[in-house]
Amino acid sequence: MDAPKLFVSYSWTSPDHEDWVLRFATELRECGIDVILDKWDLKEGHDAHAFMEKMVTDSEIRKVVLVCDEAYARKTDGRSGGVGTEAQIISGEIYENQQQDKFVAVVVERDTDGKAYLPAYYRSRVYIDLSDSGTYANGFEQLLRWVFDKPLYEKPELGGVPAFLAEGDRAVVLATGARFKRAMDALRTGKDHAVPALEEYFNQMVDEFESLRLEAAGADTFDDQVVESIAGFLPYRNEAVEVFLGIALYLDSPDTRRLLHRFFERVIPYMSKPEQVTRSHDWDYDNYKFLVHELFLYALAALLRHERFESAAYLLSNQYYLPGNSDYGRDVMVDFDVVRQHMKSLEYRNSRLKLNRLSVRADLLKERCVGISIEFRHILQADFVAFIRSELDRFDDWPQWWPETLVWLGHYSGAMEIFARARSAAYFQEVRQILGVETKEEMLPLLDSYVPGGRGLPRWGFESFSPKILLGYDELCTRP
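All chains use their own residue numbering, which begins from 1 and follows the written sequence. In keeping with the model being predicted, local features are shown solely for residues with a pLDDT of at least 70 and side-chain atom pairs are shown and tallied solely at 80 or more, while totals for entire chains, interfaces and linings include all residues. To get the side-chain values, all heavy atoms of the structure are used, and hydrogens and water are removed first.

*Asks:* Help me out: how do you make sense of the sheet that holds strand S2 (residues 34–36) in this one?
*Replies:* Sheet strands pair by backbone hydrogen bonding; their relative direction is either parallel or antiparallel. Strands were regarded as paired on the criterion that DSSP finds at least two bridges between them. Going along the chain from the N terminus, every DSSP run of H or I of four or more residues is numbered as a helix, and every run of E of two or more is numbered as a strand. Taken in spatial order, the 5 strands of this open sheet run S2-S1-S3-S4-S5, and their pairing is parallel. Each edge of the open sheet carries a strand with a single partner, namely S2 and strand S5 (128–129). Across 5 bridges, strand S1 (residues 5–9) lies against strand S3 (residues 61–68) in parallel orientation. Its bridge partner being in S3, serine 9 is matched across the sheet by leucine 66. Contact definition: two residues touch when any of their heavy atoms are within 4.5 Å. Interaxial angles span 0 to 180 degrees and are taken between N-to-C directions of axes, which are lines fitted to C-alpha atoms, for helices over the stretch in contact. Relative to S3, helix H1 (residues 15–30) is tilted by about 150 degrees, and along the sheet it contacts S1, S2 and S3.

*Asks:* Any chance you could explain the pairing of S3 here in plain terms?
*Replies:* Regular strands place their side chains on alternate faces of the sheet. A simple rule labels every residue: compare its accessible area, found with a 1.4 Å probe on the protein chains alone, to the largest value its type can have, and call it buried under 20%, exposed over 50%, or partly exposed in between. Buried residues dominate S3, accounting for 7 of its 8 residues. Pairing analysis gives 5 bridges linking S3 to strand S4 (residues 103–107), with the strands arranged parallel. Across the sheet, the residue bridging to valine 67 is valine 106, located in S4.

*Asks:* Even after reading the chapter, I still don't get unusual backbone geometry, so can you show me in this structure?
*Replies:* Outside of glycine, negative phi angles account for most residues, and trans bonds account for most peptide bonds. Although it is not a glycine, aspartate 149 adopts a positive phi angle of roughly 55 degrees. By the element assignment, aspartate 149 lies in the loop between helix H6 (136–147) and helix H7 (163–166). One non-glycine residue, glutamate 307, lies in positive phi territory at about 55 degrees. Residue placement: glutamate 307 occurs in the loop between helix H13 (286–305) and helix H14 (309–317). For glutamate 307, a relative accessible area of 41% gives the class partly exposed.

*Asks:* How should the nonpolar core be read in this particular structure?
*Replies:* As a rule of thumb, nonpolar side chains are buried together in soluble globular proteins. Counting 104 residues, the largest nonpolar core has Phe209, Phe244, Phe296, Phe384 and Ile434 as its most contacted members. The leading source of residues in this core is H13, at 14 residues. Every residue in contact with phenylalanine 209, bar those within four places of it in the chain, is listed here: Phe233, Val267, Tyr270, Tyr288, Val292 and Leu295. Buried Ala, Val, Leu, Ile, Met, Phe, Trp, Tyr and Cys residues that are joined via side-chain atoms within 4.5 Å together make up what is termed a nonpolar core. In terms of nonpolar packing, the next biggest core, distinct from the first, is built from 40 residues, Met52, Ala105, Leu118 and Trp146 among them.

*Asks:* Whenever I open this one, the side chain of aspartate 223 confuses me. Can you help?
*Replies:* Structurally, aspartate 223 can be placed in helix H10 (residues 222–232). Overall, the relative accessible area of 1% leaves aspartate 223 in the buried class. Not counting residues up to four positions away in its chain, the partners in contact with aspartate 223 are Ser345, Tyr348, Arg349 and Arg352.

*Asks:* I would appreciate a short explanation of H13 in the present structure.
*Replies:* Since the α-helix advances by 3.6 residues per turn, residues separated by three or four positions end up pointing in the same direction. Look at H13: 28 Å from first C-alpha to last across 20 residues, which is about the 28 Å you get at 1.5 Å a residue. The element H13 is extensively covered by neighbouring structure, given that 19 of its 20 residues are classed as buried. The first or second residue beyond H13 is glutamate 307, which carries a positive phi of 55 degrees. By this rule the span expected of a helix is its residue count minus one, scaled by 1.5 Å.

*Asks:* Any chance you could explain helix H8 (residues 177–189) here in plain terms?
*Replies:* Taking 1.5 Å of rise per residue, the 13 residues of H8 would be expected to cover 18 Å, and the 18 Å separating its terminal C-alpha atoms lies within 8% of that figure. Contacts from the buried residues of H8 go to helix H9 (194–208) and helix H11 (234–250). Positive backbone phi, at 70 degrees, marks glycine 190, one or two positions downstream of H8.

*Asks:* In this structure, what is going on with the environment of glutamate 275? I would like to understand it.
*Replies:* Tracing the backbone through its elements, the reader meets glutamate 275 in the loop between helix H12 (254–267) and H13. Under the relative-accessibility criterion, glutamate 275 is labelled exposed at 65%. When the C-alpha positions of glutamate 275 and glycine 324 are compared, they lie 7.6 Å apart, and in sequence the two are 49 residues distant.

*Asks:* Explanation requested: the layout of surface pockets in the structure shown.
*Replies:* By rolling a water-sized probe across the atoms, one finds the places where empty space is left. Using a grid of 1 Å spacing that covers the protein atoms alone, one calls a set of points a cavity when a 1.4 Å probe fits there but cannot get out, and a pocket when the set is open and has protein on both sides within 12 Å along at least five of seven lines; lining residues are those with an atom within 4 Å of a point. Grid points are joined across faces, edges and corners, and a volume is the space filled by probe spheres set on the points. Here the largest pocket defines a volume of roughly 680 Å³. As for the largest pocket, its lining consists of 27 residues, and the residues nearest its centre are Pro269, Ser272, Lys273, Asn325 and Arg330. Throughout, the ten residues Ala, Val, Leu, Ile, Met, Phe, Trp, Tyr, Cys and Pro are labelled nonpolar, Asp, Glu, Lys and Arg are labelled charged, and all others, Gly among them, are labelled polar. Partitioned by chemical class, the residues of the lining of the largest pocket number 11 nonpolar, 7 polar and 9 charged.

This is the structure in structure tokens:
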């Protein structure tokens, strides 16, 4: 990259100010900028006016800095002296070419009211502030980024139209919009009817689940229908996530955590064959299996993100009542890990399309973590919390929760956020609720069992993870 050329326009206000400009120009040159300065480049016998015009006429000079103090602003507005001549050249260029970014004012002095000294023609434009020694470094970095066209914040590339908008009639239509808005407004404004409004929203969401039922279960491409149904639900998944976050942020209470629990209690039955259906395939309800599992992860992630550990523990520790289980001789009370069930359709899809993915389900969960206020790292954390809680509850049994998203851990080598914070013994007293333990030592038998030939860990090919590391176990409770 060729060194960018930059012209410095300033006023000979005082010897001290001239020395400041000289040091400033030297600093710019040390940063790889070819500075044009009268003290260096205007020699005896040169035409001063031509030298000033060079800042506009010379195509190699890409940037011009206006060093603005009181004298510079005064002389510019009064068109007096060399600065006044430069002002005529600069203002004409600025007014004729409104889109150019060749000129920038660098403010080095303010008036008694703290207002920046700027020429009249520049007052509507953004300037760089070097008037405060305490923030000089930040301002100078801003200037360098402007010169080299390397802004701190770059506009991201434009994405495509969201799938649920492009799919037209295939998108799932849920009638939750009005109730969603009413519930969110009540949450944000602290209205007395917030809990009833939330209950109405959840009731409507449950009722609309019925419209998601799939047909033509015997089709060779049934997995396409499952994926399309999941994609069509995305805008309403996003609504639900906003509700989960709203509860965590504005109204975490016994009533709202009970509503969350009852919501999942009512959608879990959609994951299996309804009573009136006599024949079906295992994968007929795979769209429900994905959506209920995904919603549970987001609900847990929202509560953990806002450190609502008591409510998170409520979802993990309280069993769910499924009256339909009695028809098959099964226990009507089930643990939370029932929301994660295997999806044969995605396993078949991986094979049919030769995707060679370790987990199509994890891929979908990651791809769909967009357009919302929860990051995928929050989902990873929620998934791990669900896994370790299930393991602690069922230490004498086969693992029940498969932490699907942890395939995306990669080379993650530290504790999850809430456990990193739990180095504080006081913080651990809050976090322990979600684990169902009183002390960290209660987890040690489980953690020690994960040895070759011992208790098995979820594995994707050669990839797995260390619960002890993700818990940050050795550092737990090591500080007050």
